[in-house]
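Listed here are the chains, written in short residue letters.
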Amino acid sequence: MQALRVFSVVPKLPPRLEALWDIANNLWFSWNSELTNIFTTIDHGLWVACEQNPIELLNRLPQRRIEELARDDFFLQRLADAKRALDHYLVRRHSNYKFPVLPDRNMAVAYFSLEYGIAMCLPIYSGGLGVLAGDHLKSASDLNVPLVAVGLLYREGYFRQYMTPDGWQQERYPNHDFEQMPLKPVQDELGNQLRICVDLAGQTLCARVWEAHVGKVRLFLLDTNLPDNSPEFRQVTARLYGGGLEMRLWQEILLGIGGIKALAAMGIEPMVIHMNEGHSAFAGLERIRVYMEHGLSFEAATELTASSSVFTTHTPVPAGNDRFPPELMQRYFEGYAGKLGLAFKVFMALGREDPRDDGEQFCMTVLALRLSRFSNGVSKLHGEVSRKMWQRVWPQNPVEDVPIGSITNGVHAATWVATDMAILYDRYLGNWREDPDCGRIWDQAESIPDAELWRTHERLRERLVDFVRKRLRKQLQDKGARHKELQISDEVLDPQALTIGFARRFATYKRANLLLMDKERLVRLLNDTGRRVQFIFAGKAHPNDNEGKKIIQELQQLCRRDDCRVSMVFLEDYDVKIASRMVQGCDVWLNNPRRPLEACGTSGMKAMINGVLQVSTLDGWWDEAYRPDNGLGWAIGRGEEYDDLTYQDFVESQTLFNILENDILPEFYDRGRGNLPRNWIRKMKNALRELGPVFTSHRMVEEYVERAYLPSCRNYVNLVKDDFKAAKDLAEWRVRLMTRWSNLAIADIRTETHASIFVEEPILVEARVHLDGLAPTDVQVEIYHGPVSQDSAFIRRLTTPKAPEKDLGDGWHLYRGEVMPPEAGRFGFTVRILPHHHLLLDSHALGLIHWA
């Protein structure tokens, strides 16, 4: 039997407590401990039971407790202070960056992501990609970047993990009540809930729009669980990464096309969009379609869209990028291609590495790359990997000229630093929350007394051990464990022992089982009573990843052995809460992916900023953070890459054991006066001082602002003024360039030197260049030079522009330039022509290069 009508019943708070709703409805509380303390003071047990959800806490609060709080003058004063702090934060708008303003464009940047990890009470994330997106929004709010965000609101979120008695991962999907979350439905001008619709092969998919406040950033989330939708369409926003290939396509159509429509329905037209991974690449197509309604050609609309779009790729393996077969794309996009004035074959070329291959699938990453003039990987090494992986999109470009740069990820310090450690930082570092990327602030880490830093860290380890014991007991109780097993759970781990943490997605390349390659050696290590070491593992495998599940099962079975169960624990149902405890309380953070398959690895940054030392393969962020002489942690290997993966696993597992036995354990237990590990503490301080200001999301967002958002905004302003005149001119310039490019020529290259020259001796290079009617300002002629190998291949390269010296007639021009060999050895050069336009952010993005 179902109810005829349903009402939302909420508690009636007295006027003196109304401010609780304001605080609860802004996720700023998730990175402000003073606000969080308000809710823990109300009812700590209920706060824990509600999984740190303030809306649910207030809705479940007994009326008697509400009345008590309304009479508690001390609580009311704290509440008033918290409300003033929130109001002050929200009205503070100072920024170091001045974004251009247009009368009809009320937002600079719209950020699109399929998942967001902001707080436990908004479970619409699976792992690192979502948590990175959440940290991005938090720093954008702190830095007053004019940004809104768009995503999907999943009724069941990502799966909750539990284990069978033999250690095999199982998944369950709880239903979330959005009215019990810090969310509000967006309303239209008539006060009705705002809805948008997208076309799916002739059928209409509708979604309502919800809003969450992440500090000053507005996050809009689309929800398809509507009676108007078919049962199948209601499932589009049921699960994150759930369903098959067609369901994924529906989700990405909703996120990209529906996201742009939702912003327009709210009167928000951003100057720039930032696509966090390729899932939202259809947003670029929808922008093109909208601009064409303003009278622009497809070419002009594409130039405007690409010049004001930013794309971040996070996936270092080809298989991790979404691809859809041609027949599926034809079903859903043949009509859409017609709206863009394109034949379907031409439309498909937008998402193909080789536009001429009619059998190639449509790749969302390729579409995003083609529709963005700023693209980046998420670490320096990942940028290199991405340039190699996507070179086929720009076949004329050498790998180093593939237009994919890098902005290394960072973490939001105020979110991830433990409260105890934050108090210590407040005392000795000063304004680290407001300015976490300031080197001068982190230099003060040296002034923290050794004893104070170590005792704070020891308290965090003790709390982690206590947390693990309680969590493990609950895991066993849920399985109906015997009393003896429950007793053992109360005795696992030693609060004084070296504690090593490993927590992340259980993909096979992350090698959570690397230590299991030599189980006998591992067991000996765990049972060394003279130098105790213990391991805490946590993480989920994708529901369809049976190989990842096998690794979890193997770990679980080892953890249950009598000779391991006290010193080795696997925590089920990895989430933000477990992650926070582990990165704050471990002594060492273990990360051992196969290089170069880890795009970044932000969990290590979260640990580092709490004083936890790293041991990792040289992959992702650790490849640029670690130096053999900087005393910040340990490296597994020297960055080698292997063809034989079995041999690689064997070598690196033995290397890891050697580091543990010969370096980490001796240093941890080398105690001086006061029982302090002085060398260990020195490493903690070195890491805070050198890495603290670098690997923060404030630095990351500032880099996006300076290198991507501001240039893209300025480009947008220039392209749209005077009725899109510059956009039309840019498109015409590109068409003219494309039609004449094959007729360009470079001839008569001359130098005035002999075969042997001296270091830094100038070499004058002349060449005749045929431009076929193009102006010299339309191109950039460069000398491409540097050290070369025995077969004349460039080892490194520099480029030096050549200036036009003389018009020789008939389309020919004389160019001259000068280069100098920087070092002794084999040196070579060639000459090339690139496009050039003052509104082109990257001359390599068009994929046009003419080589001598």
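Look a little higher up for the structure.
Computed from a predicted model, the values in this text were never measured in an experiment.

### A word on the overall build of the chain
- Within the chain one finds 28 helices and 27 strands.
- Relative to a compact globule of 852 residues, whose C-alpha radius of gyration would be 29 Å, the chain shows 29 Å and is just as compact.
- The principal-axis extent of the C-alpha atoms belonging to the chain is close to 95 × 70 × 50 Å.
- Here the chain, with 852 residues, has 59% of them falling under the buried criterion.
- Long-range contacts, defined as pairs at least 24 residues apart, comprise 72% of the intrachain contacts of the chain with a sequence gap of at least 6.

### Observations regarding the packing of helix 17 (residues 419–428) against helix 19 (residues 450–478)
- Contact geometry for helix 17 and helix 19: axes closest at 9 Å, N-to-C directions at 165°. In terms of their interaxial angle, helix 17 and helix 19 are classed as roughly antiparallel. For helix 17 against helix 19, the interelement crossing comes out left-handed. Within the contact between the two elements, helix 17 uses D420, M421, L424, R427 and Y428 and helix 19 uses E452, L453, T456, R459, L460 and R463.

### A closer look at the pairing of strand 8 (residues 217–223)
- With six of its seven residues buried, strand 8 lies for the most part within the structure.
- In terms of strand pairing, strand 2 (residues 147–152) meets strand 8 through five bridges, oriented parallel. Across the sheet, the residue bridging to L152 is L222, located in strand 8.
- In sequence, strand 7 (residues 203–214) turns back onto strand 8 through a hairpin of two residues, with G215 there showing a positive phi of about 65°.

### Section: the sheet that holds strand 21 (residues 745–751)
- Overall, antiparallel pairing links the seven strands, which are arranged 21-22-25-24-23-26-27 in an open sheet. Two strands close off the open sheet at either side, each with one partner strand: strand 21 and strand 27 (850–851).
- Direction of pairing for strand 22 (residues 763–770) relative to strand 25 (residues 812–819): antiparallel, over a ladder of eight bridges. Of the residues in strand 25, the one forming a bridge with E766 is R816.

So, how was this worked out
- Residues numbered from 1 in each chain as written.
- Predicted model: local features only at pLDDT ≥ 70, side-chain atom pairs only at ≥ 80, totals over all residues.
- Heavy atoms only, no water.
- Helix = DSSP H or I, 4+ residues; strand = E, 2+ residues; numbered from the N terminus.
- Rg over C-alpha atoms; globule rule 2.2 N^0.38 Å.
- Buried < 20%, exposed > 50% of the residue type's maximum accessible area, 1.4 Å probe, protein only.
- Contact = heavy atoms within 4.5 Å.
- Axes fitted to C-alpha atoms, helices over the stretch in contact; angles between N-to-C directions.
- Parallel < 35°, antiparallel > 145°, perpendicular 65-115°, else oblique.
- Left-handed = near helix turned anticlockwise from the far one by under 90°.
- Pairing = 2+ DSSP bridges.

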